[in-house]
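Chain residues, written in single-letter form:
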Amino acid sequence: MTMISEFPMPRTTRLLSIALMTLMTSTAFAHAKPLDGVTLTLASQNDPFAGVLTKLAAKFKEDTGAELKVEVMDYGTLLTKTTADFVGDTKGYDLVTMDIVWAGAYAENGYSVDLTDWVKRDAAELDLDDIYPVILESLGQYNGHYVAFPFAAYANVLAYRKDLFEAAGLAVPKTVEELVSDAKKLTDPSKKQYGFVANGQKGPAVAQDWMQYNNQMGGSILGKDGLPALNSPENVESLAVYKQLFVETAPPGAIEYDWGGREESFRQGAAAMMQTWSVGAPGYSDPASSNVVGKVGIAVAPVANGVSPQYGVGGWGMAINADIDAKQKEAAWTFIKWLTSKKIHKEFNLEGAGSFMRKSQMTDPDLTAKFDFLPVVAKTYENGNGDYRPRIPEYPEIQDILGAAVNSVLAGAAEPKAALDEAQAEAKKLF
């Protein structure tokens, strides 16, 4: 039986109440966001983009309603913690920044969502034609499938001291041979002035830096058959050149440098040249961390005589954890599309992410006014090679093998051919 109020509400009051409730309901819907109530947790490498991702979290919530929590960690910790999360199916992270060399492992182990169909579905929204092909392929794909989507691309470039080159009457080196010659001329230990600096530290640091030079000298880690070719004549020659540069032109202690030590050495004015990732270039103009403000030029990395121009391309893709539920996956994909959109990705870089990847960014007046090296980045991408560090499942083990071999050569404990012969024997066991 329905109970009726003993004192019914007057008609005018009742109509006013209904109107007010309708207005409140419509207002609530007007303020609703598509991802209200969703929280995304992102595991991020501690590159410059990490702080910008954290800063943009508030804007992402404003636009979509979703909370974004960014956990920042160093390279080794990122790899260890996220791999444990994938293997343990613990769903600790929804999104993971993926180094391009992890693509093979992600694909083979099913760690991340295959984004291929979503990329095709949302191709117009993603504006794929505005992203350099080498970046789409290298930073996200493995065997034609997207295991991640690019968001932070880096160009391997040559940073050099304009003042030192001018004083010595030298032109910027265009070949590896010129780089070696200039490095020797610009080395003067009595003035604590050295011509060259690179990573020498055993492990990933020295392996990755040497592989850049190896690529530019015509070397390759894999043969045409896809199997290891670590001791090829080209690789042996490039390692001999790398050793020569270290012994004759690098600062004392460089054999212990990783990326941070190498960058610090250059920023403090100890070295005249350094091959590096473009992400570090904005820092050379920051007086808070650099003693060489206004003295640094950025050029394409030199290649050996007779080698077709091919420059190292690296960076990070954004992967979605395959273990999370469907709603979280769609929300994570929404974040990736939001972050890589023209508008937000431009802001991402203006805030200091150093992660240029769109063709339109290379001529954007706001970006070019702040980052005068963008034409060099564009040329690198147009002739880029994202596979000089092979993006295969066995890459981490090959990197460890080379990291030990190259360091032993720089330390004088082994000759290039002997070290690479031994490394080749170890690498073959992986296949």
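The present account deals with the structure reproduced in this document.

How each quantity is defined
- Residues numbered from 1 in each chain as written.
- Predicted model: local features only at pLDDT ≥ 70, side-chain atom pairs only at ≥ 80, totals over all residues.
- Heavy atoms only, no water.
- Axes fitted to C-alpha atoms, helices over the stretch in contact; angles between N-to-C directions.
- Helix = DSSP H or I, 4+ residues; strand = E, 2+ residues; numbered from the N terminus.
- Parallel < 35°, antiparallel > 145°, perpendicular 65-115°, else oblique.
- Left-handed = near helix turned anticlockwise from the far one by under 90°.
- Contact = heavy atoms within 4.5 Å.
- Buried < 20%, exposed > 50% of the residue type's maximum accessible area, 1.4 Å probe, protein only.
- Polar contact = N/O pair within 3.5 Å; in protein donor to acceptor, adjacent residues only side chain to side chain.
- Expected span 1.5 Å × (residues − 1).

Considering the packing of helix α10 (residues 204-216) against helix α11 (residues 233-249)
Here comes step 1: Axis separation between α10 and α11 bottoms out at 9 Å; the angle between their running directions is 115°. By the angle class used here, α10 and α11 are roughly perpendicular. Viewed along their axes, α10 and α11 form a crossing whose handedness is right-handed. In this structure, α10 contributes Val206, Asp209, Trp210, Tyr213 and Asn214 to the contact, and α11 contributes Glu234, Asn235, Ser238, Leu239 and Tyr242.

A few points about helix α12 (residues 259-267)
Here comes step 1: Of the positions making up α12, those classed as buried are Arg262, Glu263, Ser265, Phe266 and Arg267.
Here comes step 2: Those residues of α12 hidden inside the fold are in contact with β6 (149-161), α10, β7 (273-277) and β8 (296-300).
Here comes step 3: One side-chain oxygen of the residue at the start of α12 lies 3.1 Å from the amide nitrogen of Gly260, identifying that residue as Asp258.
Here comes step 4: A positive backbone phi angle near 95° is found at Gly269, which sits one or two residues after α12.

Concerning unusual backbone geometry
What you tend to see is this: most non-glycine residues have negative phi, and most peptide bonds are trans.
Here comes step 1: One non-glycine residue, Asn143, lies in positive phi territory at about 50°.
Here comes step 2: Positionally, Asn143 belongs in the loop between β4 (141-142) and β5 (145-146).
Here comes step 3: Within the chain, Lys192 stands out as a residue other than glycine whose phi angle is a positive 55°.
Here comes step 4: Topologically, Lys192 is positioned in the loop between α9 (176-185) and α10.
Here comes step 5: The class of Lys192 is exposed, set by a relative accessible area of 65%.

Digging into helix α17 (residues 395-410)
For an α-helix, 3.6 residues make a turn, and residues three or four places apart therefore share a direction.
Here comes step 1: An ideal rise of 1.5 Å per residue puts 22 Å on 16 residues; α17 measures up with 22 Å between its terminal C-alpha atoms.
Here comes step 2: In terms of residue burial, α17 counts as a mostly covered element, since 12 of its 16 residues are buried.
Here comes step 3: Within α17, burial applies to Tyr395, Ile398, Gln399, Ile401, Leu402, Gly403, Ala405, Val406, Asn407, Ser408, Val409 and Leu410.
Here comes step 4: Structurally, α17 contributes buried residues whose contacts are with α10, α11 and α18 (416-429).
Here comes step 5: Just beyond α17, the residue with positive phi is Gly412, at close to 85°.

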